[in-house]
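Working through the structure, step by step
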Amino acid sequence: MSELTQLRIVIVGGGTAGWMTAAALGRFYEGASVTLVESDEIGIVGVGEATIPHIVTFNQALGIDEAEFVAATGATYKLGIAFEGWGAPDEAYVHAFGQVGRGIGLLPFHQYWLRARSLGFAKPFGHYLLNTIILAGDRFAHIEREPENPLPPVPYAFHFDASLYARFLRGFAEKRGVVRQEGRIVAVNRHPTSGDVASVTLANGTQVDGELFIDCSGFRGLLIEQELEAGFEDWSHWLPCDRATAVPCASVTPVTPYTRAIARKAGWQWRIPLQHRIGNGHVYCSRHVSEDEATSILLANIDGEQMAEPRTLRFTTGRRRKAWVRNVVAIGLSSGFIEPLESTSIHLIQTAVNRLLELLPRGEISEFTRESYNARAAFEMERLRDFIVLHYHANGRVGGALWDELRTIEIPDTLHQRIELFRETGGVFPSLDELFDLRGWVQVMIGQGVMPKRWHPLADTIEESRLRHFLEMTEQAYVQEAARLPDHGAYVSRFAPMPRQDVAAGASA
């Protein structure tokens, strides 16, 4: 028996984080001992229902059939996020997945668009984004591109019921040897000499031993914080929203293939369409609006019949100072939290699982392993933090107390430098390790009015008539492509209709 198969891994907590971790370990390390401990007495957060395209890669790596997944989780497709009222109360833009414009010359598309804008013939930026045009018509279909086809791919993500996804992954993981242990943890036991976590004791007296523990216990961080005191870096001075009230409502048509992020008095509202319901929530700052008022704002702005009582969550934005301490790795909310503005919570679980798989020890855990994991986790969270702060800082909602405050705060130096470089030159250069690349940064900055003063000089080497023709042909090709796609809701219902027994289960989750 190899050292790997002898490694006993204990996952503390279920939900999306726990079962994503369990599914990946069960799939890629079959034969290893993996036990997941969760209690039916403890609820899960379970309101995160929007994702980004990386989830498609995760499911494919596990070998999950997409139609089966879509049917089991009440999923719909997502092509981007519509931000309404962030630049100014009456303005909107889309942060769309996929390619921005089309390639021409050596420069990114937006540099040529900036020059065309100065000449007076460029349309708004979204007219040159294929996914933005497709989602505006509420359309979707899987598209297989031929190599000679000049049109870009149509990357997508999902909206799904997080509780149903956890249930789906539980079945997947258990078939691959993961053992679920029901019970509430009442004690954490440490090794007398090393100080590592040796076992956890359940309320019924059962003791679960392990060499590596994965903390998926949510905000409380049962192992990583309550036991090992990893510490927490508070980012609420940059991201002061600290509450979220969520409520589901009945579905309405059309079933839109995008998330809506609608700016409100002291925060923003999400709208996430699933097959069997619409997920709604209001993220807000409790210093500027009460829970009662925030709930009233939310209920006054939902589309269908209310399906449950509103539920409020409290949170502090930030990260654990160390996500891997001794023999405990924090994954999910236990490792930190950045509000769901760009649908990144599930992605952060995915990247943490990837790092764990890359660094899974074959013996004693080295300090170099922990340091590598923690450095990469910190970098990812800090760059993502900057991207979320950008949305708030570059707002145009003059006269709102929270919004005025956020426009004038001192932002992180890393973000300040990026904004100023873009303003001066139109250049933005994310590192390869960042989640959001040039396409995301450009869309959000232009969408919220951070407009460069100039463009790259190479953009001037193309004749004006050729540039005009290029923009016209790009928009025309994308409009024609979008027009041939079917209605998104009709496509989902044909591709993977949700079984009726899961509709009722999902509505009450």
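To start, this report covers the structure provided alongside it. (Residues numbered from 1 in each chain as written. Predicted model: local features only at pLDDT ≥ 70, side-chain atom pairs only at ≥ 80, totals over all residues. Heavy atoms only, no water.)

What to know about the overall build of the chain
The cut-off we apply is this: To qualify as a helix, a DSSP run of H or I must reach at least 4 residues; to qualify as a strand, a run of E must reach at least 2; elements of each kind are numbered from the N terminus. Put simply, the radius of gyration uses C-alpha atoms, and a globule should come to 2.2 Å times the residue count raised to 0.38. Buried means the residue's accessible area, taken with a 1.4 Å probe over protein chains only, is under 20% of the maximum for its type, while exposed means over 50%, and partly exposed covers the values in between. Contacts are residue-level and defined by heavy atoms, with any inter-residue pair within 4.5 Å sufficient.
Secondary structure summary: the chain contains 17 helices and 21 strands in total. Over its C-alpha atoms the chain spans a radius of gyration of 23 Å, differing by no more than 12% from the 23 Å that the globule rule assigns to 509 residues. On the principal axes, the C-alpha backbone points of the chain span a range of 75 × 55 × 50 Å. Within the chain, buried positions represent 58% of all 509 residues. Sequence-distant contacts in the chain: of pairs separated by 6 or more residues, those separated by 24 or more amount to 77%.

Observations concerning the nonpolar core
Applicable threshold: The term nonpolar core refers to a set of buried residues drawn from Ala, Val, Leu, Ile, Met, Phe, Trp, Tyr and Cys, joined through side-chain atoms within 4.5 Å.
Counting 144 residues, the largest nonpolar core has Ile55, Ile331 and Tyr392 as the members making the most contacts within it. Considering every element that reaches this core, the biggest residue donor is helix α11 (residues 367-393), with nine residues. With residues up to four places along the chain from it excluded, the contact list for Ile55 reads Met20, Ala157, Phe158, Phe160, Tyr165, Ile346 and Gln350. Counting residues in each nonpolar core, the second largest holds 18 residues, with Val10, Leu223, Ile224 and Ala230 among its members.

Focus on the sheet that holds strand β12 (residues 232-234)
Keep this limit in mind: Here, any two strands with at least 2 DSSP bridges between them count as paired. Interaxial angle, 0 to 180 degrees, is taken between N-to-C directions of lines fitted to C-alpha atoms, where a helix line uses only the stretch in contact.
Pairing within the open sheet is antiparallel, and its three strands lie in the order β12-β18-β21. Two strands bound the open sheet, and with one partner strand each, they are β12 and β21 (336-337). The pairing of β12 with strand β18 (residues 318-320) spans three bridges and is classified as antiparallel. Its bridge partner being in β18, Asp234 is matched across the sheet by Gly318. Docked against the sheet, α11 engages β12, β18 and β21, running at close to 175° with respect to β18.

Description of the pattern of salt bridges
Note the cut-off: For this document, the term salt bridge refers to a Lys or Arg side-chain nitrogen within 4 Å of an Asp or Glu carboxyl oxygen.
All chains considered together, the criterion is met by 32 salt bridges. Linking Lys123 and Glu475 is a salt bridge whose minimum nitrogen-to-oxygen distance equals 3.1 Å. Placement of Lys123 in the loop between α5 (109-119) and α6 (130-136) and of Glu475 in helix α15 (residues 464-483) is noted, with a sequence separation of 352 residues between them. As a salt-bridge pair, Arg418 and Glu434 come within 2.9 Å of each other at their nearest N and O atoms. With Arg418 in helix α13 (residues 413-425) and Glu434 in the loop between α13 and α14 (438-447), this residue pair connects regions lying 16 residues apart in the sequence. Owing to a relative accessible area of 14%, Arg418 belongs among the buried residues under this scheme. Each of Glu38, Asp40, Arg180 and Glu182 takes part in one network of salt bridges that share partners.

Re the sheet that holds strand β7 (residues 179-182)
Taken in spatial order, the six strands of this open sheet run β7-β2-β1-β11-β20-β19, and their pairing is mixed. Each having just a single partner strand, β7 and β19 (324-325) make up the two edges of the open sheet. Examined bridge by bridge, β19 and strand β20 (residues 328-330) share two bridges and lie antiparallel to one another. Within the sheet, the bridge partner assigned to Trp324 lies in β20 and is Val329. Packed onto the sheet, helix α2 (residues 15-28) meets β1 (8-12), β2 (33-38), β7 and β11 (212-215) and runs at close to 165° relative to β2.

So, the environment of Arg115
Our working rule: Throughout this description, a polar contact denotes any pair of N or O atoms lying within 3.5 Å of each other; where both atoms belong to protein, one of them has to be capable of donating a hydrogen while the other can accept it, and for residues adjacent in sequence the pair is counted only when both atoms sit in side chains.
Note that Arg115 resides in helix α5. Residues Arg115 and His237 lie 122 residues apart in sequence; the distance between their C-alpha atoms is 37 Å. Sequence-distant contacts of Arg115, that is, excluding residues within four places in its chain, are made with Trp455, Ala459, Asp460, Ile462, Glu463, Glu464 and Leu467. A polar side-chain atom of Arg115 sits 3.2 Å from the main-chain carbonyl oxygen of Ala459.

A look at the packing of helix α10 (residues 345-359) against α11
Heads up, the rule is: Roughly parallel means an angle under 35 degrees; roughly antiparallel, over 145; roughly perpendicular, 65 to 115; everything else is oblique. In this scheme, a crossing is called left-handed if the near helix is turned counterclockwise away from the far one by less than a right angle; it is called right-handed if the turn is clockwise.
One way to put it is that α10 packs onto α11 with a least axis distance of 11 Å and a crossing angle of 160°. In terms of their interaxial angle, α10 and α11 are classed as roughly antiparallel. Judged by the twist between their axes, the crossing of α10 over α11 is right-handed. Contacts from His347, Leu348, Thr351, Ala352, Arg355, Leu356, Glu358 and Leu359 of α10 reach α11 at Thr369, Ser372, Tyr373, Arg376, Ala377, Glu380, Met381 and Leu384.

Regarding the packing of α2 against helix α7 (residues 162-174)
Contact pair α2 / α7: the axes reach a minimum separation of 8 Å and the direction vectors enclose 25°. In terms of their interaxial angle, α2 and α7 are classed as roughly parallel. Read as a crossing pair, α2 and α7 show a hand that is left-handed. Where α2 abuts α7, its residues Gly15, Thr16, Trp19, Met20, Ala22, Ala23 and Arg27 lie against Ala162, Tyr165, Ala166, Leu169, Arg170, Phe172, Ala173 and Glu174.

Re the packing of aromatic side chains
The cut-off we apply is this: Put simply, two rings from Phe, Tyr or Trp (the six-membered ring, in Trp's case) pair if the centres are within 6.5 Å, and we call them stacked under 30 degrees between planes, edge-to-face over 60, tilted for the rest. Distance and angle both matter: a charge sits over a ring if NZ of Lys or CZ of Arg is within 6 Å of the ring centre and within 35 degrees of the ring normal.
Evaluated as defined, the whole model comprises 29 aromatic pairs. Where Tyr77 meets Phe158, the ring centres are 5.5 Å apart and the plane angle is 45°; that geometry is what we call tilted. Placement of Tyr77 in strand β3 (residues 76-78) and of Phe158 in strand β6 (residues 157-159) is noted, with a sequence separation of 81 residues between them. Comparing Tyr77 with Phe158 shows no difference in burial state: the two are buried. With a centroid separation of 5.9 Å and 90° between ring planes, the pair formed by Phe83 and Trp86 is classed as edge-to-face. Both residues of the pair, Phe83 and Trp86, count as buried. A cation sits over an aromatic face here: Arg355 above Tyr373, 5.1 Å from the ring centre. One Lys or Arg, Arg385, reaches over the ring of Trp235 and ends 4.9 Å from the middle of that ring.

What to know about unusual backbone geometry
The linkage connecting Thr253 with the following residue, Pro254, adopts the cis geometry, with an omega of -5°. Position of Pro254 relative to the elements: it lies in the loop between β13 (243-249) and β14 (259-264). Even without a glycine there, the phi angle at Asp138 is positive, about 55°. Within the secondary structure, Asp138 sits in the loop between α6 and β6.

Details of the pairing of strand β4 (residues 80-84)
In terms of residue burial, β4 counts as a mostly covered element, since four of its five residues are buried. Inspection of the sheet shows β4 paired to strand β5 (residues 92-96) by five bridges, in the antiparallel sense. Counterpart to Ile81 in the pairing with β5 is His95.

By themselves, these are just geometric observations and shouldn't be taken as functional.
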